[in-house]
Amino acid sequence: MSLKSGIGKKDTKMRIRAFPVTMDERYVNSIWELLKNAIQEIQKKNNGGLSFEELYRNAYTMVLHKHGEMLYKGLRHVVTDHLVIKVRTSVIMSLNNNFLQTLNQAWNDHQTSMVMIRDILMYMDRVYVQQNNVDNVYNLGLMIFRDQVLHHGQIKDHLQQTLLDMVMCERKGEVVDRGAVKNACQMLMVLGIDSRTVYEEDFERPFLHQSAEFFRLESQKFLGENSASVYIKKVEARINEEAERAAHYLDKSTVNPIIGVVEKELICKHMKTIVEMENSGVIHMLKNHKTEDLACMYKLLKRVDGGLEAMSQCVSSYLREQGKALVTESEDVDTKNPINYVQNLLDLKDRFDHFLHESFGDDMKFKQVISSDFEYFLNLNLKSPEYLSLFIDDKLKKGVKGLTEQEVELVLDKTMVLFRFLQEKDVFERYYKQHLAKRLLLNKSVSDDSEKNMISKLKTECGCQFTSKLEGMFKDMTVSNTTMEEFKNHIQAMGSNLSGVDLYVRVLTTGFWPTQASSPKCTIPTTPRQAFEIFKRFYLAKHSGRQLTLQPQLGSADLNATFFGSKKEDGATSTLNKTSSGPRKHIIQVSTYQMCILMLFNQRDKLSYEEIQTETDIGEKDLIRMLQSLALGKLTQRILVKEPKCKEIEPTHIFSVNDQFTSKLHRVKIQAVVAKGESDPERKETRCKVDEDRKHEIEAAIVRIMKARKRMQHNVLVTEVTQQLKSRFLPSPVIIKKRIEGLIEREYLARTPEDRKVYTYVA
Amino acid sequence: MVPFFFIQIVMLVLAWKLDAKQMGFFTLPEWLKGFSEILCDSVEKVQGKLEYLRSILNDPVQFKSIYRYAFDFARDKDQRSMDIDTAKAMLTLLLGRQWVLYSCFHQFLEQSKYRVINKDQWCNILEFSRTILPDLSNYDVDGAWPVILDEFVDWLKTRQQLHIEVAQM
């Protein structure tokens, strides 16, 4: 080492002493004694009279002259002696008296003195320690403290026990010296020297173990309260408390482990119990609209694996049960009324949407579960598509009571949500067409706009194929209006008045409107029939090549009716006979069928059922319905009377005009006895038609796919077809197979000779 | 004497051999005539011919060809499919002896609602008889078998199950 003068040359007062190259042993020892004393004074907290510079310089000298080892070993001895003889003893003595405080004090003192010792021996740290790869001064001090004091048998165990006891006390509600614990934990962390193993072994592990035991017992206690919501709140409180404790006076790294323990003991192990608790669990909460409790439970179960799944399963099974009850035909539940049926389902959806939003935080998984549940039970009842259409029909008709336009819009949007869950959308389409046709023809729609609005909603869901025909229906209505204008001009020009018949004809294009098997028969009375013939000639002259067929089941008529006063009944005592004097005139709105029936009474006073049937040629089912609405309805609707006066209609019963008919209204509309929804035989027929259509759709899909791909294996083809059709309905693999066979027979497809499981497209 | 069925099947083979491309060319009287012409010849020659014909039937490839030909031969010419009674008779003739499950299949057809058999079903019946074991252990549901055969398997399995249950009683 060469001499270096770091002092300026100008300062001549400094005398640079020549550095001795060697040092004799006595000198070295004296330096060491000096240092040793200093260290001991520091340890006794008597560092006041020491000179930092002198000590540093001496240490420096020793190391410089290659006596670092002596210094190092000496240091170790001094520190060890002090800690063993003085410190440890006093700590042991305090075992039953202020133990923690004593230990903490000892630790603090040790740290303070080691810092000072390190400072004076810094040169050794930098040079000797580095070169010889030994622990630096401060760490050496830590290790000696750890080995000689902390891990000394009794002290180690007693410390652990003390700390655990204090935590336990605080858990029970007592106040403890948090600062002392914090200090002790920090000590353990520091003594790990770049690792937390000391803390972990001496404290954390036993702490977690004890905590687990504690919470295990606590969970039993909480469960004993038998209330899920109370349990949850207690657990939440516990979690907060433990987190706060760990953050405040244990080491922060313990926060997560301790919360993990709480979660495991209080939540994981009892998830199912809480969820399924009778009279307070999830089902109880759902039944009683306990939104907040559900939210708390959700938050809690979200913390652990499988928690939400347990909860969602419970929600799902309850929902399925509720939904199933709504759709299953039984005496208690009103499944015969489609409006209530759908409304109940909408209400159920609203309820669960509310839960989803308020309690489950719009959780994706819950959303999926609810959707799949709805899809499940909605499709259990095969009448769902029909009922859904009827519900929409009800909302689009005039006279929807008590709902503003926005409210109707909202309801229809919600109905679309249900629609999405339908598996048999093609059935819905069929019914929707039927109901729309009725609305248009009987002029029952609230407005064209609301109809078109609904159709565009359906278009978004189903595509143009669904709506193109519906739009055709609207077009027919518009064109008919124009045609009637032209017809009116035509008659005026002709100078005819159709014998007083005010005729209105709507011409429907066959392909757009729901098909009838065949147009029902009906003998139209002369006057209207002739008027129609004139129209027919007019129309066919304009559009040659077309065919017009009258649809009597769809039309309506306004009749001028005169009632020739009432005959005094025997024994009648009423003298208020104002209405009975003189003929009364009314306009009656009836269906075409009813018109045919009523006009018979222009010729005859009395007619039997049989005679009416012969004259009008109307089918039995319709005829009975018409006569019921004319003769067996409310008094203000009773145009005809029947003998005998019973409810049943037999072929021999006699009908005649009810001359005693009165009504406050001049214009009387006769309500037709119409069943909401189809009768069972009608449903069967519709189902047959649906099946027929499906056959064609499946075959079309098969041909489409095979034409594009030319060759395909059976299973792959079945999957493709199912995929393509699933927005309309779900075909079963067996049915698809049958269609494939049909196509093979008709030579659209063939099996390949090499592999009978592979089909090819036959051009 | 030659067994009766063999006479019938021989006629089929003859038709096939001589006229594979022109179905329906031989009318029944012509056949009988042709056959009796052969019979008229020496008995030894008939024997020899029968041996030869028997050998054709034993060759799987040729048998398959005959089997397929039989469908077009036996069906009513204005229909695409063969009526069920003809099918049963033809199948008895062709498969009755060599297919273990044939008697079951025959009974299945008797109690089923099928009134006709189409060509695809016909051909697959042969495949089925050749590939599927009598205990149905290697029957594959995804095998693209015509529905009639799926139904046969279900029917047979149900019956076998009942027999086991009865046997265990």
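Just so it is clear, the structure is predicted and the values come from calculations on it, not from any experiment.

About the criteria used
Think of each chain on its own: its residues are numbered from 1, step by step along the sequence as written. To label them, take the chains in the order written and letter them from A, then take the ligands in the order written and number them from 1. Local features in this predicted model are restricted to residues whose pLDDT is 70 or higher, and side-chain atom pairs enter the listing and the counts only when it is 80 or higher, whereas totals over whole chains, interfaces and linings include all residues. Neither water nor hydrogens contribute to the side-chain values; these are computed over all heavy atoms in the structure. Secondary structure counts use DSSP, requiring at least four H or I residues in a row for a helix and at least two E residues in a row for a strand, with both numbered from the N terminus. Working definition of a nonpolar core: buried Ala, Val, Leu, Ile, Met, Phe, Trp, Tyr and Cys residues. They are joined through side-chain atoms within 4.5 Å. Relative accessibility under 20% of the residue-type maximum defines a buried residue, over 50% an exposed one, and the middle range a partly exposed one, all with a 1.4 Å probe and only protein chains included. Between two residues, a contact is recorded if the distance between any of their heavy atoms is within 4.5 Å. pLDDT gives the predictor's per-residue confidence on a scale running from 0 to 100. At least two bridges found by DSSP between two strands are what make those strands a pair. Convention adopted: a line fitted to C-alpha atoms gives each axis, helices being fitted over their contacting stretch, and angles between N-to-C directions are expressed from 0 to 180 degrees. The salt bridge definition used is simple: a Lys or Arg side-chain nitrogen within 4 Å of an Asp or Glu carboxyl oxygen. Accessible-area loss on putting two parts together, using a 1.4 Å probe and summing over both, is the definition of buried area adopted here. Definition of a polar contact: a pair of N or O atoms within 3.5 Å, with one able to donate and the other able to accept a hydrogen when the atoms are protein atoms, and with sequence-neighbouring residues admitted only if both atoms are side-chain atoms. Note on ring pairs: Phe, Tyr and Trp rings are taken, using the six-membered ring of Trp, and paired if centres are within 6.5 Å. Classes follow the plane angle, with under 30 degrees stacked, over 60 edge-to-face and the rest tilted. Whether a charge sits over a ring depends on NZ of Lys or CZ of Arg being within 6 Å of the ring centre and within 35 degrees of the ring normal.

Trainee: In this structure, what is going on with the environment of Lys488(A)? I would like to understand it.
Mentor: Counting through the fold element by element, Lys488(A) comes out in helix H22 (residues 464-494). Through-space distance from the C-alpha of Lys488(A) to that of Phe535(A) is 9.8 Å; in sequence the pair is 47 residues apart.

Trainee: Would you explain the nonpolar core in this entry?
Mentor: One broad trend across soluble globular proteins is that nonpolar side chains are buried collectively. Core analysis: the largest hydrophobic core is formed by 152 residues, its most contacted members being Leu159(A), Met297(A) and Tyr432(A). For this core, the element with the highest residue contribution is helix H9 (residues 197-224) of chain A, accounting for 10 residues. Setting aside residues up to four positions removed in sequence, Leu159(A) forms contacts with Phe99(A), Leu100(A), Leu103(A), Leu150(A), Ala184(A), Met187(A) and Leu188(A). Judged by nonpolar contacts, the second largest core, of 45 residues, contains Leu12(B), Tyr102(B), Leu126(B) and Ile132(B).

Trainee: Just to check I follow, could you spell out the confidence of the model for chain B for this structure?
Mentor: Fine structural detail should not be taken from predicted coordinates in areas where pLDDT scores are low. Residues and elements named next belong to chain B. The predicted model of chain B averages 78 in pLDDT, with 73% of residues at 70 or higher. Counting contacts from residues 20-24, a segment whose pLDDT is below 50, to residues more than four positions away or on other chains yields 5 contacts. ipTM for the predicted complex: 0.77, alongside a pTM of 0.75.

Trainee: What is the right way to read the confidence of the model for chain A from this model?
Mentor: For chain A, mean pLDDT is 87; residues scoring 70 or higher make up 93% of the total. Considering only residues more than four positions removed or in separate chains, one finds that residues 567-580 of chain A, a stretch of pLDDT under 50, has 8 contacts.

Trainee: What exactly am I supposed to notice about the sheet that holds strand S2 (residues 584-591) of chain A here?
Mentor: Picture the strands of a sheet paired through backbone hydrogen bonds; they go either parallel or antiparallel. Residues and elements named next belong to chain A. What the 3 strands build is an open sheet, ordered S1-S2-S6; its pairing is mixed. Of all the strands in the sheet, the pair left with one neighbour each is strand S1 (556-563) and strand S6 (667-669). On average, adjacent strands in this sheet sit at an angle of 30 degrees to one another, irrespective of strand direction. Sheet topology note: the S2/S6 ladder contains 3 bridges and is parallel. The partner of Ile587 across the bridge, within S6, is Arg667. Sheet contacts for helix H24 (residues 592-600): S1 and S2; angle to S2, the most-contacted strand, approximately 135 degrees.

Trainee: Looking at this structure, I do not really get the pattern of salt bridges. What am I missing?
Mentor: Any two side chains of opposite charge can pair if their charged atoms end up close together. All names here are of chain A. Evaluation of the coordinates by the stated rule reveals 65 salt bridges over all chains. For Lys44, the salt bridge identified is with Glu41, shortest N-O distance 3.4 Å. Judged by relative accessible area, Lys44 falls into the partly exposed class, the value being 46%. For Glu41, a relative accessible area of 25% puts it in the partly exposed group. The partner of Arg746 in a salt bridge is Glu699, with the nearest N and O atoms 2.9 Å apart. Taken as a pair, Arg746 in the loop between helix H29 (733-745) and strand S8 (749-751) and Glu699 in helix H27 (residues 680-709) lie far apart in primary sequence, 47 residues in all. The exposure class assigned to Arg746 is partly exposed, which follows from its relative accessible area of 39%. Its relative accessible area of 10% is what places Glu699 among the buried residues.

Trainee: What am I meant to see in the side chain of Ser211(A) here?
Mentor: In this structure, Ser211(A) sits in helix H9. Excluding residues within four positions of it along the chain, Ser211(A) makes contact with Arg171(A), Ile258(A) and Val261(A).

Trainee: Explanation requested: the interface of chain A and chain B in the structure shown.
Mentor: The interface of chain A with chain B comprises 14 residues on the first partner and 17 residues on the second. Counting the surface lost from both chain A and chain B, the interface buries some 1,300 Å², and carbon and sulfur atoms represent 41% of this. Counting across the interface, chain A meets chain B through 5 salt bridges. Its salt-bridge partner being Arg751(A), residue Asp120(B) comes within 2.7 Å of it at the nearest N-O pair. Scanning the region where chain A abuts chain B turns up 12 residue pairs in polar contact (both at pLDDT 80 or more). Secondary-structure elements contributing two or more residues to the side of chain A that touches chain B are helix H28 (714-725) and H29 of chain A.

Trainee: Honestly, the sheet that holds strand S4 (residues 640-643) of chain A in this entry has me stumped. Any pointers?
Mentor: Residues and elements named next belong to chain A. If you trace the 3 strands from one edge of the open sheet to the other, you get S3-S5-S4, paired in antiparallel fashion. Either end of the sheet is taken by a strand with one partner, and the two such strands are strand S3 (606-608) and S4. Taking each pair of neighbouring strands and ignoring which way they run, the sheet shows an average axis angle of 30 degrees. Of the strand pairs in this sheet, S3 and strand S5 (residues 654-657) are connected by 3 bridges, and their pairing is antiparallel. Bridge pairing in S5 places Lys606 opposite Ser656.

Trainee: When you look at the side chain of Gln594(A) in this model, what are you seeing that I'm missing?
Mentor: Residues and elements named next belong to chain A. By secondary structure assignment, the location of Gln594 is in helix H24. When its relative accessible area of 1% is taken as the criterion, Gln594 is described as buried. Engagement of the side chain of Gln594 in a polar contact is seen with the backbone nitrogen of Ser591, the distance being 2.8 Å. Ignoring anything within four residues of it in the chain, the contact list for Gln594 reads Met626, Ser629, Leu630 and Ile670.

Trainee: Any chance you could explain the packing of aromatic side chains here in plain terms?
Mentor: One pair of aromatic rings is described through two measures. These are the centre distance and the angle between the planes. All chains considered together, the criterion is met by 37 aromatic pairs over all chains. Residues Tyr67(B) and Trp122(B) carry aromatic rings whose centres are separated by 4.7 Å and whose planes lie at 20 degrees to one another, so their mutual orientation is stacked. Placement of the pair is Tyr67(B) in helix H4 (residues 60-74) and Trp122(B) in helix H7 (residues 119-131), with a sequence separation of 55 residues. Each of the two residues, Tyr67(B) as well as Trp122(B), counts as buried. An aromatic cluster of at least three residues, connected via ring pairs, comprises Trp99(B), Tyr102(B), Phe105(B), Phe108(B), Phe128(B), Tyr139(B), Trp145(B), Phe152(B) and Trp155(B). Over the ring of Trp145(B) we find Arg756(A); its NZ or CZ atom is 3.5 Å from the centre of that ring.

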